[in-house]
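Coordinates in review
These are the residues of each chain, in order.
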Amino acid sequence: MARENGRKLIASNKKARHDYTILKTYEAGIVLAGTEVKSLREGRASLVDAFAQERDGEIMLYGLHIAEYGYGTWTNHQPRRTRKLLLHRIEIARILEKLREGGVTLVPLSMYFSDGWAKVELALARGKKSYDKRQAIAERDANREIARELGRRLKGARRPAR
């Protein structure tokens, strides 16, 4: 079988971008069982309620749901098991230093295949308050309205004179 090229998105955590302010992102590999990889290739994963924490000097991913592989037998995996993330020691040290400062959490933003390898995009994030969320929604709506008006004006300017 030929090796995959490029990036293929498996799952994304849209709610994380709404609930958190993203400070810095990291790309991490993930330790998986064979049936987990097959299930991911079918796109059967959910990052809702997933988070990462330090355990014994390593970063572990909790709450990630990878559905059982349909054709798996007794070798099938547990859907919500804890999975180890693969990062360089220096990156782990930097992440742990930021996490110990407080008020910051480690959240998975997306999961994808990069050149055939399963990867997780992690983010150091700070939780938003409800007024921050309202402000972000109002800003997004204002930008959308500006873009609409700009589009209307451009369309009006391009009309041929009769």
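Since we're looking at a predicted model, the values are computed, not measured.

Attention now goes to the overall build of the chain. Along its length, the chain carries four helices and nine strands. What you see in the chain, going N to C, is helices and strands ordered as β-α-β-α-β-β-β-β-β-α-β-β-α. In terms of overall size, the chain is more extended than a compact globule, its C-alpha atoms giving a radius of gyration of 21 Å where 162 residues would be expected to give roughly 15 Å. Each principal axis of the C-alpha atoms in the chain carries an extent, and together these give about 75 × 45 × 25 Å. Split into buried and exposed, the 162 residues of the chain put 32% on the buried side. In the chain, 68% of the contacts between residues at least 6 apart in sequence involve partners at least 24 apart. Here the chain has roughly 10,900 Å² of accessible surface; of this, 50% comes from carbon and sulfur atoms.

In this section: the nonpolar core. Formed by 27 residues in total, the largest nonpolar core has its most connected members in I30, L40, I59, L64, L85, M111 and L122. Looking at this core, the element that brings in the most residues is strand β9 (residues 117–127), giving four residues. Look past the residues within four positions of M111 in its chain and what remains in contact with it is L9, I10, A11, I30, L40, L47, L64, I66, K119 and V120. Counting five residues, the second-largest nonpolar core is a separate cluster that includes A16, V107, A123 and A125.

Scanning all chains against the criterion turns up one aromatic pair. For the ring pair F51 and Y62, a centre distance of 5.4 Å and an interplane angle of 20° mean the geometry is stacked. Separated by 11 residues along the polypeptide, F51 in strand β4 (residues 51–55) and Y62 in strand β5 (residues 58–62) bring together distant segments of the chain. The exposure class assigned to Y62 is buried, which follows from its relative accessible area of 17%. K24 extends its terminal NZ or CZ atom over the ring of Y26, reaching a point 5.4 Å from the ring centre. For the cation-ring pair, R41 lies above F113, with the distance from its terminal atom to the ring centre recorded as 4.2 Å.

For the coordinates displayed, the defined rule picks out nine salt bridges. Here D141 ties to R144 by a salt bridge, and the two come within 3.3 Å at their closest N and O atoms. Highlighted residues: D141 and R144, both in helix α4 (residues 130–158), separated by three residues, approximately one helical turn. The exposure class assigned to D141 is partly exposed, which follows from its relative accessible area of 37%. Classification of R144 as partly exposed rests on a relative accessible area of 42%. Between E149 and R152 there is a salt bridge; the shortest N-O distance is 3.2 Å. With E149 and R152 both in helix α4 and three residues apart, the pair spans about one turn of that helix. You can call E149 partly exposed: its relative accessible area is 32%. Take R152: its relative accessible area is 48%, and that puts it in the partly exposed class. What you see here is one network of salt bridges that share partners, running through E145, R148, E149, R152 and R153.

Analysis parameters
- Residues numbered from 1 in each chain as written.
- Predicted model: local features only at pLDDT ≥ 70, side-chain atom pairs only at ≥ 80, totals over all residues.
- Heavy atoms only, no water.
- Helix = DSSP H or I, 4+ residues; strand = E, 2+ residues; numbered from the N terminus.
- Rg over C-alpha atoms; globule rule 2.2 N^0.38 Å.
- Buried < 20%, exposed > 50% of the residue type's maximum accessible area, 1.4 Å probe, protein only.
- Contact = heavy atoms within 4.5 Å.
- Areas by Shrake-Rupley, 256 points an atom, 1.4 Å probe, with all protein chains shown as cover.
- Core = buried A, V, L, I, M, F, W, Y, C linked by side-chain atoms within 4.5 Å.
- Phe/Tyr/Trp six-rings, centres within 6.5 Å; stacked < 30°, edge-to-face > 60°.
- Lys NZ or Arg CZ within 6 Å of the ring centre and 35° of its normal.
- Salt bridge = Lys/Arg side-chain N within 4 Å of Asp/Glu carboxyl O.

In short, shape yes, function no, at least from these values alone.
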